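Next come the chains, spelled out residue by residue.
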Amino acid sequence: MILWLWLCWGFSTSAGQPDSELMARYLEEELMADYSIMEQVARRVPRQAKFLQRLETRPRMSEFTVKSTIISRYAFTTVSCTMVNSGSEAREAVFEMQIPAAAFISNFTMSIGNKTYYGEVTGKEKKHNSDDKARHKKPPSPTDGRENGYETFKASVFIPRKMQAKFLLHYEELLQRRLGKYEYTVSIRPQQLVGRLRVEVNILENSGIVSLEVPPLRNSKHKGNGKVEGDVSPPPSTVVGHTKTLAKVTFNPSVVEQTRIARNGILGDFIIRYDVNRELSVGDVQILNGYFVHYFAPTDLPPLPKNVVFVLDSSASMVGTKLKQTKEALFTILQDLRPEDHFNIIGFSNRIKVWQQDRLVPVTPNNIRDAKKYIHNMSPTGGTNINGALQTGAKLLNDYIAQNDIDARSVSLIIFLTDGRPTVGETQSSKILSNTKDAIRDKFCLFTIGIGNDVDHRLLERMALENCGMTRHFQEDEDAASHLKGFYDEIGTPLLSDIRVDYPEDNVEQVTQNFFPNYFNGSEIIIAGKLINRTSDSLHVEVTASNSKKYILLKTDVAIDLPSRNDIRGVPGLEDGKGDKNYIERAWSYLTIKELLNSRLKSDDNQEKDYLMEKAKSMALTYNFVTPFTVLKMREAGLHSEPPQEEFISPSTDGIGEKLQSLQGHKAPPGIRRQQDKQRIKISKTSADGDPHFVIDFPSSKFSICFNIDGEPGDILRLVSDHKESGVTVNGQLIGAPAPPNGHKKHRTYFSTITILSNKPERSYLEITPKRIILDDGERLLLSCDRSAIVRSSSLEVSISANSNITVTIRDAISFVILIHHYKKPAPYQRDHLGFYISNSKGLSSVSHGLLGQFLNHEVKLLQESLNTSHQQVGQNQTEALQPNPTNTLKVKGRLIPVVWKQRRIYNGQQEVDCWFAKNNADKLIDGSYKDYLASHPFDTGNSFGTINSL
């Protein structure tokens, strides 16, 4: 039967009609069999000798396995590959693996026959001796060339006849968030069909995994990837399973399925995309064994206005597809500009052409139309004057910023695109760099894009690094239009500017970059550092940033467990000395080395460059990372050592969820002292809280009055109404609950929502519930009540004390405090609700009204008072009960109201208030009746009875 299969295979091949399915099934069944069968077939079928010799020209790959563990965005990847030489003589085997250019190789081991070689990371020497190269192997290393963000790791060995070689490659990377997703990619390009091919990825994210997806295999060359246009389904044999915090993805194609994807074994990139749960807060702060990592990526923020100048290469080398795709991308990008943005376009070759001289134009339909015409008419000609184009763009943007009253928190940037090197004007890279930096002067950011193989990658990368930008490189044969649009989408929606993240100086050290000029929607800011005082109970975190017209302050204290509780040694999968794989520590070292490499790239001082190189090299050696300053050298482990086992160094996810801290919180800006947080709330008695109970304080009269409002669930009560004068209105909506047992009420009511509206100097409103706050001043902002934060604009400040209270200050003259009442185990008659307190009413007018507002500027007289109170000071916390006098009467606006003496507890029972109580829903005490204070909707600003207005 075997002979017949080989004969049929040979016949079909010679006829030019290979049966790929038959070949695939045969390989799947026989690939792992004893390779001596091939020799028997060859001897029995002499006519096939040449064919079999060709089959034996390279060792056969019998196994290719990738296993990865991703813990909080940090990925450990192990690639295992086995090659078998079934030939009659030693043959060269080449292990080749594309890895992300941002990844660091951390280990490499290989065995050939009964010999094992392990990789040792050493400092790179200036001179390399050729004697280090053994006859049977070549030293492995990443190639210098980068393709589409990847480097190729290559190791070649000679495998003796009838033996096998096994390779184990380990690398690590910190996943970057782009366009709202983390993307983990594994290159599957064994260049031949493999009997056992498997990819397994385990993900642990304690914040919660969302939007997990596995798209079709991606092949940059668009050949043999089997992708159907519009197909979004996972590759065949992919299995995806996940819980709230854990996910497991496997890809295990048979040889038949591999053949259907690509007969040459170049399957493409296996991709996993996902995101985590997040909100506007200080972010996700994780602490483990004396190290911390801080992920900051707020959502639900309005975008900042942009001032953008597009600088586009139109030299002769852009002729054809490159310029065509650039134009297509720009047409789409222009359409995506927002009405508040301003822009201009510069085309350059040996000449520099500015679309709109000496200005940036607003985004209008006519301007977009004219800009598209300008781009459409661009034609490739002449050389490449990079320096002149950048100088023109920088001057244009600098002049616009200086001469116009632009929004101080808008984001200005230059997007620069070229496909070549400088050939006209200044051509020396160092001069171009210094000229560009001098022209920009840290006032805005420069983003660079290179297309094709002729660009000066180092120049574009350094220009972007020195000017707070990013760089991208695309190949000529790729879909440049979609790549350009994708890159613009990454930076096209700035949400925050001038972001600063601070920690107490006496608690942390060696913190990575903590100031960022901009935060773009869909990206993420990452900071890491070491803890100095490991015995501290908490780590204070503060973040300040600007968002459009608002100043945002976020802060929190992150609890720190004792080191013994954070120690992950002993967790299943971390035995045999692997317990020191502290992923947070390695994330910190990864970020630190990357910053040292970038700093060295930007530096012009040789002494500083040497210092940065030595520091990066030292850290790379400590953590066994292969970097530009370290090299992987192979050492023989022994003549009869065991072949490398598939010991995946990545930490196991088992049990780590219980050991890991993942807390979220918020920050304070420079110059603001922490003591202010305790002093911010001014104790106020004038309030509406509880069922609801109203208290009005009259400091000059030295007493308080109180009353109840027995409303219906769903009623909206007008608490403060001063819309026509100060522009402020406060409404509170009631929620119902059953009455307590043996109570006299048919039900209870509480405030479930407080709405604060203001139309001076500009329109804005706040909608507050026990769980969240919506702030809308033309731009909507969502805040969580369980995260401390401060948001400040020109006339409004909102300060949140997590799960406690919200202080709202309007024009520094009006202040309200809203208490948050949460019940851990509520009784049937209890509901989470709000309490409303007026702490400063100076900015409200003398004609303000509402259930509380009508008393703010009017005095109330007590005509008769009990003898027991003649010596008492109202407002003191009195312990002895006071006897009410039934003849006590209040005089309010000429009306006489009988009152009795009561005691009320406010501020969650923290303060006791003595007050004169008016019965019957405050009959005669308030103007009109209870129903006159009902608003038709939460945004009703009517300030006189029967009048309804909307903000």
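Treat the numbers as computed from the prediction; the structure is a model and nothing was measured. (Residues numbered from 1 in each chain as written. Predicted model: local features only at pLDDT ≥ 70, side-chain atom pairs only at ≥ 80, totals over all residues. Heavy atoms only, no water.)

> Give a description of the overall build of the chain that names residues and reports values.
Scanning the chain from terminus to terminus reveals 16 helices and 50 strands. Looking at the 951 residues of the chain, the share that counts as buried comes to 55%. For the chain, long-range pairs separated by at least 24 residues make up 70% of all intrachain contacts whose partners lie at least 6 apart in sequence. Counting every atom, the chain has about 41,900 Å² of accessible surface; 47% of that belongs to carbon and sulfur. (Helix = DSSP H or I, 4+ residues; strand = E, 2+ residues; numbered from the N terminus. Buried < 20%, exposed > 50% of the residue type's maximum accessible area, 1.4 Å probe, protein only. Contact = heavy atoms within 4.5 Å. Areas by Shrake-Rupley, 256 points an atom, 1.4 Å probe, with all protein chains shown as cover.)

> I'd love a proper account of helix α6 (residues 321-336), names of residues and values included.
Across its 16 residues, α6 extends 23 Å between first and last C-alpha, which sits within 8% of the 22 Å expected from 1.5 Å per residue. Among all positions of α6, only Lys322, Leu323, Gln325, Thr326, Lys327, Ala329, Leu330, Ile333 and Leu334 are buried. Lining the buried residues of α6 we find β18 (306-313), β19 (342-348), α7 (365-376), β22 (411-418), β23 (445-451) and α11 (480-491). (Expected span 1.5 Å × (residues − 1).)

> I'd love a proper account of the pairing of strand β39 (residues 764-768), names of residues and values included.
A large share of β39 lies buried, amounting to 5 of its 5 residues. Because side chains alternate across β39, one face comprises the buried residues Ser764, Leu766 and Ile768, and the other comprises Tyr765 and Glu767, equally buried. As defined by bridge partners, strand β38 (residues 747-758) adjoins β39 across 5 bridges and the pair is classed as antiparallel. Along β39, the bridge assignment pairs Ser758 with Ser764. (Pairing = 2+ DSSP bridges.)

> For the environment of Leu304, give the residues involved together with the corresponding values.
The topology assignment puts Leu304 in the loop between β17 (291-296) and β18. Accessibility expressed as a relative area gives 0% for Leu304, which makes it buried. Taking the C-alpha atoms as reference points, Leu304 and Arg338, separated by 34 residues in sequence, lie 9.8 Å from one another.

> Which residues make up the confidence of the model for the chain, and what are the values?
Any residue range with low pLDDT should be treated as having predicted coordinates unsuitable for detailed reading. Summing up the model confidence of the chain, the mean pLDDT is 80 and the portion of residues at 70 or higher is 78%. Below a pLDDT of 50 lies the segment residues 1-53, which in the model reaches 54 contacts outside its immediate sequence neighbourhood of four places, other chains included. This stretch, residues 128-138, has a pLDDT under 50; its non-local contacts, to residues over four places away or in other chains, come to 14 contacts. (pLDDT = per-residue confidence, 0-100.)

> Tell me what's going on with the packing of helix α9 (residues 429-440) against helix α10 (residues 457-466), and back it up with residues and numbers.
Direction vectors running N to C along α9 and α10 enclose 25 degrees, while the axes themselves pass 10 Å from each other. Classed by the angle they form, the pair α9 and α10 counts as roughly parallel. The hand of the α9/α10 crossing is right-handed. Of the residues in α10, those touching α9 at Ser429, Ile432, Leu433, Thr436 and Lys437 are Leu459, Arg462, Met463 and Glu466. Here the residues of the contact of α9 with α10 are counted per class, giving 4 nonpolar, 2 polar and 3 charged. (Axes fitted to C-alpha atoms, helices over the stretch in contact; angles between N-to-C directions. Parallel < 35°, antiparallel > 145°, perpendicular 65-115°, else oblique. Left-handed = near helix turned anticlockwise from the far one by under 90°. Nonpolar A, V, L, I, M, F, W, Y, C, P; charged D, E, K, R; others polar.)

> Would you mind going over the sheet that holds strand β12 (residues 209-213) in detail, with residue names and values included?
Pairing in this open sheet of 4 strands is antiparallel, and the strands run β9-β10-β15-β12 from one edge to the other. Strand pairing shows two members of the sheet lacking a second neighbour, β9 (177-178) and β12, which therefore form its edges.

> Kindly report on the pattern of salt bridges, identifying the contributing residues and their values.
Under the counting rule described, the total for this entry stands at 38 salt bridges. Residue Arg218 is joined to Glu183 by a salt bridge in which the shortest nitrogen-to-oxygen separation is 3.5 Å. Here Glu183 lies in strand β10 (residues 181-188) and Arg218 lies in the loop between β12 and β13 (238-242), a separation of 35 residues in the sequence. The exposure class of Arg218 is partly exposed, given its relative accessible area of 30%. With a shortest N-O distance of 2.6 Å, Asp269 and Arg189 are connected by a salt bridge. Taken together, the positions of Asp269 in strand β15 (residues 268-276) and Arg189 in the loop between β10 and β11 (196-204) put the pair 80 residues apart, joining distant regions of the chain. Accessibility classification places Asp269 together with Arg189 in one group, the buried group. (Salt bridge = Lys/Arg side-chain N within 4 Å of Asp/Glu carboxyl O.)

> Describe the state of the cysteines, listing the residues and the values that go with them.
Throughout the structure, instances matching the rule amount to 2 disulfides. The residue that forms a disulfide with Cys445 is Cys468, at a sulfur-sulfur distance of 1.9 Å. With the S-S bond torsion at -110 degrees, the cross-link from Cys445 to Cys468 turns out left-handed. Of this pair, Cys445 sits in strand β23 while Cys468 sits in the loop between α10 and β24 (471-474), and the two are 23 residues apart along the sequence. Given the relative accessible area of 34%, Cys468 is considered partly exposed. Look at the chain and number its bonded cysteines as they come in the sequence; the links are 1-2, 3-4. (Disulfide = S-S within 2.5 Å.)

> Any details on the environment of Asn387? Residues and values, ideally.
Here Asn387 is to be found in helix α8 (residues 386-403). The class of Asn387 is buried, set by a relative accessible area of 11%. Along the sequence, Asn387 and Thr423 sit 36 residues apart, while their C-alpha atoms lie 9.9 Å from each other. Each residue touching Asn387, except ones within four places of it in the same chain, is listed here: Glu426, Ile432 and Asn435.

> Would you mind going over the packing of α6 against α7 in detail, with residue names and values included?
The geometry of α6 relative to α7 is characterised by a closest axis approach of 10 Å and an angle of 170 degrees between their N-to-C directions. By the angle between their directions, the pair α6 and α7 is classed as roughly antiparallel. Contact residues: Lys327, Leu330, Phe331, Leu334 and Gln335 in α6; Ile368, Ala371, Lys372, Ile375 and His376 in α7. Grouping the constituent residues of the contact of α6 with α7 by class yields 6 nonpolar, 2 polar and 2 charged.

> Tell me what's going on with the packing of aromatic side chains, and back it up with residues and numbers.
The final tally for this structure, using the stated rule, is 26 aromatic pairs. Centre to centre, the rings of Phe95 and Phe167 are 5.1 Å apart; their planes meet at 10 degrees, and the pair counts as stacked. Of the two residues, Phe95 is situated in strand β3 (residues 91-100) and Phe167 in strand β8 (residues 163-174); the sequence distance between them amounts to 72 residues. Overall, Phe95 belongs to the buried group, its relative accessible area being 1%. Grouped by ring-pair contacts, the aromatic residues Tyr74, Phe76, Phe104, Tyr291, Trp588, Tyr590, Tyr623 and Phe625 constitute a single cluster. (Phe/Tyr/Trp six-rings, centres within 6.5 Å; stacked < 30°, edge-to-face > 60°.)

> Could you give me a rundown of α11, with the residues and numbers involved?
For α11, spanning 12 residues, the distance from its first C-alpha to its last is 17 Å, which sits close to the expected 16 Å at 1.5 Å a residue. In terms of residue burial, α11 counts as a mostly covered element, since 9 of its 12 residues are buried. Taken residue by residue, α11 has Ala480, Ala481, Leu484, Lys485, Gly486, Phe487, Tyr488, Glu490 and Ile491 as its buried positions.

> So what about the environment of Thr243? Which residues, and what values?
You can see Thr243 is positioned in the loop between β13 and β14 (246-251). Taking the C-alpha atoms as reference, Thr243 lies 9.7 Å from Leu204; in sequence the two are 39 residues apart.

> Explain unusual backbone geometry to me, and be specific about the residues and the numbers.
With an omega of -15 degrees, the peptide bond between Asp691 and Pro692 qualifies as cis. Tracing the sequence through the fold places Pro692 in the loop between β33 (687-689) and β34 (693-698). Here the bond from Lys760 into Pro761 is cis, since omega is -5 degrees, no more than 30 degrees from zero. Inspection of the secondary structure assignment puts Pro761 in the loop between β38 and β39. The phi torsion at Ala922 lies on the positive side, around 60 degrees, for a residue other than glycine. With respect to the element layout, Ala922 can be found in the segment after β50 (911-918).

> Quick rundown of the pairing of β24? Include the residues and the values.
Covered by surrounding structure in β24 are Arg472 and Phe474 only, the residues Thr471 and His473 on the alternate face being uncovered. Relative to β24, β23 is paired through 4 bridges, and the arrangement is parallel. Bridging across to β24, Thr448 finds its partner in Thr471. In this region the chain leaves β23, passes through α10 and returns to the parallel neighbour β24; the handedness of that crossover is right-handed. (Right-handed = clockwise from strand over helix to strand, strands pointing away.)

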